[in-house]
Structure formats: C-alpha cells, structure tokens
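Listed here are the chains, written in short residue letters.
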Amino acid sequence: MIARSLFLCSFMALPVPLLAAGLEFPWQSTSAMGSANANAAEAADASTIYYNPAGMSRLKGTQVSQGLQLLSVRGQFEDEGSALLDGSATGGGNGGTYHPKLIGAGEFYAVTPYNDQITLGLGIFVPYGANVNYKSDWAGRYSLDRAAIESVNINPSLSIRFDDQHSIGFGVSGQIMHLRLRSVADVKNAVAGVAQNSVYEFAGGVPNALCSGLGLADCDPVTGLIGSILTSTNPLLGTQAVEGEGKLNIEGYGYGFGWNAGYLFAFNDDRSRFGLSYRSKIVQNIKGEFDWDFGAVTGRIPNPQDPLTVLTTGAVDVRQFTEQYIRPDTDSSIRLVTPENVIAGLFHQLTPRLALMSSVNWTRTSRINELRIKAEARQDPEGKTVKQGDVVVKTAFRDVFKVSAGINYTIDERWMARAGLGYEQAPTPGPEARHASLPDANRRVYSMGLNYRKDKKTSIDVAYSFITLEDAQANYQDNCHPTGYELPGSDSGVQATDECTGNADRFKGRFSNTYVNSVGVQLNQRF
C-alpha cells in the first residue's frame, strides 16, 4: 500500500522559488497551507513528521499523506543605475518576470505504530530551494543571470507516548542538494586590469619610481593609461579592442545530515495542545564544476607575460589567453549551511465545530553570512599555477521570525474548512545585502483550504494561498576586481589573480509588485 503511494515523489526535486527565510520552501503539506502554517500543534495527519514528530503519537493506525503544491511567482525589477567597475552602465533591461511561470514541489509522509507507545514514521520533502531566471541581457547580469538550488530531505522519525498528555519525537535527516549558478564576466575591465598589471611587473617598479619623482602619490592613472593603449585597436601593434562578455556556470551536488526533536503536551481533556520542536542545522559540502564560456569574446592584446613580444610574434588572442592563463575551467566546492529552527505551536478546540491554532517559527539564518564558492587551482601551459579565488555573495542574513494564526471549522461530517494569516520576516537586512539572487522581502500570507473526508480511511485536502512581498531596494556592491583582487587593492593597483572571482559591479534597483499564488492538493490514507 505505502509503496504504491509514492507517485508524487517525482516532483520533490523540482526547483522552487526563493522565498521564506531566504532559501526555505514555504509549504511542507497542503493541510498546513490551508492554515498558513499555523498547524504546528494540530497533528492532524502524517505531515506532523515535519512540524513536530511527537505528534505521530496521536495518529491511529498506519497513515500516509502525500501532497503536491504548485506556485506561480510574479514580480518586477527596475534598474536604478547598475554599473561596472569603470563606472559605465551595465546596460540591458529590467530582467522581465524573473521566476519560472509555474513551479511544483511535493512531499510524502508515512507513520505506523510499532506498539502502544512507539510510532515510527518517514518523511520525504523539499526543505530549501531557490529559482531565479532573469533575461540574459538584463542590467544585473554581472551579478547573476540565473540560479537554482534544489533539495530533498529524507527524515525517518520515532515518537514515544508516555501517557495521554505527554509525548516526544525524534528524527534524523539525510539531505541532498543541487546548485546551479550563472553570471556574466566583465572581460573588458579584466583584460585592462591584466594589461595594467603587466606594466608594473614588466617595468620592475620603474613606473612607481617615476611617479614618485614627479610627485604623484598614485601611479595608477599612468599605468592605467598605458594598459588601455595596449588593449585598444592599434594597427601598428596588431592589437584589437576587446568585445563581448564571458559567462561563468557553476553546478554541483552535495549532501549533509541533521536531526530533529519535538515535544507535545495535551491538556484540557485533550481539547488543547502545546507543541515545541527543533530542527538542527545541516552542513552541505557541495562539489561541482567551475565552467567558463568565452565563446562570445573577441580581441587581441600583447602577451601580458611578455608585452614586448607584440613587436616580434604579434598580439595574442584574448579568448585563448583568458581560458588558459586567467580563467581556466576547474572544479569547485561550496560549504552551505541550512540553519536550525524552532517552532512553537498552540491548538485549542474551542467548540465541537471550531478550532483555533497558532505557530511561531524562529530560524537562525544568521548562519548564512555568505555564499562562498571555491575554485581549485589549475596549471597553465607553462606549468605555472593559476589560482582564481573564491566567488563570494555577501548575504549577511539576520535571524528571522514567522508568526501565523489559523482556524478549522467543521461544516459537517465530511467537510472541514481551514483559513489562516501569517507574517514572515525576510533575512536580508537591507539594500546593501540584497544581491540579485535574493529578491526577498517581508511577506504577508493569506490562506484557505478544505478537507473532504471520503470515508473513514480516505480524506483529501485542497488549499490556496496568496503571499505578498514588500517592495525592496537593492544596492549591492561586489568587492572583487575582474582581474581577481579584493577592492580597494594595494598601492600598485592590480594584483595577481589569486584573491577572488567577480566583476566589482554595483547592482542597484528596486523590486516591486511581487506576489505568489499557491495551490495544493493532498491525499491522506489510513490502512
């Protein structure tokens, strides 16, 4: 029976939109959607495995709940001056509707009694995910073109019932994660920086000495001018100005392990319940690929390793030089922590028909201070080590709260209505931390649902939710020079490409009119 109930599991690894708690998917069951996640102490079906495993002790017999949710996300972005390192506008449009038109995710829960005190359970669900997909020529493409994070959590659980009032639950989690990122590379400013660096290195510090003798505190304008000459179209030198943009594609898979626990206290002749649950952090070690694409880049420059060879062997192809000596394909690694959270819930059966419930969720998202992607070193054709440095997104997340309140109203022996309201904080502290991958803001949740009891062994939940996000400003500054050093750099201007990977671009604009429509269905069976 249970094996035949796994038909929805194929939906679980679909990419989901960037929403609650920065990366957290908003729904872990359709019955919970109907009350805006106010059901933490309800323990009405097998999905209690996620919200509070102690609630499994309340369920009679073997029960299976399997759900599917479809989300439609809409939003707008208006560019307000996104710019490159040299101050020029990034150009392009506003990104269009930057989420997929329709996103699906699902979950599977099963519980069965081991004896009168112990109940066993298994949950498979999507805890975290993100999916943003801007137009490829949009103004923020140097920060991000597209991104997706997908995850599946497998959560075997156990609950122990001590008496009619007290029960506890425990679980362990194995979490699998897939990450994909793509952004554009500012090759023009990178090549100009490499040429400027070659002036310093080839001249052996002479430019600095000359600038000091002339009373110039900063020699960068002089060597920068020489570098720009070397990278412009010059028939005498055989050089050709650099045109086109590169692309960086990062993809990887990882896994991690965690645990969860819960306590449920029933009182007032079981008409009232209080629940408290905890889920631990999970450290994901994601291994993948660091894949560059310079197919659209053209131009010829003096060999930065020996600029005078331009007089004898001519200029070198910038695409080939970049692929071999500056940004070769390599392996990548990412350490991503999904944070711990605590959920407290209250449930009260006010009348035979009306039940009230509420939940408070605290998530320690401050653990996600940054997303750091490391690139392994590679060898160039001469056998020298090429270090590319890390890609860093400074999230600077803060801890967040989510609160919700809901009701159940029994219409008759077959139908029950649900409704709920919620408010959720966004972890992004302000415009300076709002990267293009984080179009998140504080949210308001409005939900309703129905439960139809077909017979004593089968019921169906349906739900609808409307989520609105506050308008939010973005003013994110990448601190990595396209050549590979952390801004503001040293007195010599450009250093070797072994510090970081980025564009030193500023992503600036406004996200507005963002909302989410969610619908869900859930089949509950008792065997």
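Our subject is the structure listed above.
Let me begin by describing the structure that accompanies this report. Predicted model, so just to flag it, every value in this text is computed and none were measured. (Residues numbered from 1 in each chain as written. Predicted model: local features only at pLDDT ≥ 70, side-chain atom pairs only at ≥ 80, totals over all residues. Heavy atoms only, no water.)

## A few points about the overall build of the chain
If you tally the helices and strands in the chain, you get six helices and 25 strands. The buried share among the 527 residues of the chain stands at 54%. Of all intrachain contacts in the chain linking residues separated by at least 6 positions in sequence, the fraction that spans at least 24 positions is 75%. A total accessible area of about 22200 Å² is found for the chain, and carbon and sulfur atoms account for 56% of it. (Helix = DSSP H or I, 4+ residues; strand = E, 2+ residues; numbered from the N terminus. Buried < 20%, exposed > 50% of the residue type's maximum accessible area, 1.4 Å probe, protein only. Contact = heavy atoms within 4.5 Å. Areas by Shrake-Rupley, 256 points an atom, 1.4 Å probe, with all protein chains shown as cover.)

## Overview of the packing of aromatic side chains
Applying the stated criterion across every chain, the model contains 17 aromatic pairs. Pairing F77 with F507 gives two aromatic rings, centres 5.1 Å apart and planes at 15°, and the pair type is stacked. Residue F77 is found in strand 1 (residues 63-79), and its partner F507 is found in strand 25 (residues 506-526); the two are separated by 430 residues along the sequence. Under the relative-accessibility criterion, F77 is labelled buried at 5%. On the accessibility criterion, F507 (1% relative accessible area) is buried. (Phe/Tyr/Trp six-rings, centres within 6.5 Å; stacked < 30°, edge-to-face > 60°.)

## Some remarks on the state of the cysteines
Tallied over the entire structure, the rule returns one disulfide. The disulfide bridge from C480 ends at C500, spanning 2.1 Å between sulfur atoms. Handedness here is read from the sign of the S-S torsion; for C480 and C500, about 95°, the answer is right-handed. Here C500 lies in the loop between strand 24 (472-477) and strand 25 and C480 lies in the loop between strand 24 and strand 25, a separation of 20 residues in the sequence. Of the two residues, C480 and C500, neither departs from the other in class, the shared state being buried. (Disulfide = S-S within 2.5 Å.)

## Remarks on the nonpolar core
Ranked by size, the top nonpolar core spans 38 residues in total, and within it Y134, L181, I250, F290, I373 and F507 carry the most contacts. Among the elements that make up this core, the one with the highest residue count is strand 6 (residues 166-185) (four residues). Once residues lying within four places of it in the same chain are set aside, the contact partners of L181 are L144, R146, A147, L248, N249, I250, L371 and I373. If you look at the next biggest cluster of nonpolar residues, it comprises 14 residues, including W27, A105, V126 and A463. (Core = buried A, V, L, I, M, F, W, Y, C linked by side-chain atoms within 4.5 Å.)

## Quick notes on the environment of R279
Relative to the helices and strands, R279 resides in strand 9 (residues 272-279). Counting along the chain gives 63 residues from R279 to V342, while the straight-line C-alpha distance between them is 6.6 Å. Setting aside chain neighbours within four positions, we find R279 in contact with I49, Y50, F125, N155, S173, W259, N260, E340 and N341. A distance of 3.5 Å separates a polar atom in the side chain of R279 from the backbone oxygen of Y50. Looking at R279, its side chain comes within polar contact range of the side chain of N155, at 2.6 Å. (Polar contact = N/O pair within 3.5 Å; in protein donor to acceptor, adjacent residues only side chain to side chain.)

## Some details on the sheet that holds strand 7 (residues 240-243)
Strand order across the open sheet formed by three strands is 7-11-12, with antiparallel pairing between neighbours. Unpaired on one side and paired on the other, strand 7 and strand 12 (316-317) mark the two borders of the sheet. Sheet analysis places strand 7 next to strand 11 (residues 298-301), joined by two bridges and oriented antiparallel. Looking at strand 11, one finds that Q240 is bridged to R300. (Pairing = 2+ DSSP bridges.)

## What to know about the environment of R161
Tracing the backbone shows R161 in strand 5 (residues 146-161). It is 4.9 Å that separates the C-alpha atoms of R161 and Q117, two residues lying 44 residues apart in sequence. If we skip the residues at most four places from it in the chain, R161 touches S57, K60, Q117, H166 and S167. Among the polar contacts listed, one links the side chain of R161 to the backbone oxygen of D163, at a separation of 3.3 Å.

## Here we look at the pattern of salt bridges
As enumerated under the stated definition, the model contains 21 salt bridges in all. R444 serves as the salt-bridge partner of E470, at 3.2 Å between the closest nitrogen and oxygen. In this pair, E470 sits in the loop between strand 23 (458-469) and strand 24 while R444 sits in strand 22 (residues 443-455), placing the two residues 26 residues apart along the sequence. When its relative accessible area of 35% is taken as the criterion, R444 is described as partly exposed. (Salt bridge = Lys/Arg side-chain N within 4 Å of Asp/Glu carboxyl O.)

## So, a negative patch on the surface
Together, E251, E289, D291, D293 and D329 give the surface a local cluster of negative charge. If one sorts the elements of the negative patch by residue count, strand 10 (residues 282-293) sits on top with three residues. Within the secondary structure, E289 sits in strand 10. (Patch = residues over 30% accessible without salt bridge, like charges linked within 9 Å, V, L, I, M, F, W, Y side chains within 5 Å. Lys, Arg positive; Asp, Glu negative; His and termini not counted. Charge placed at Lys NZ, Arg CZ, Asp CG, Glu CD.)

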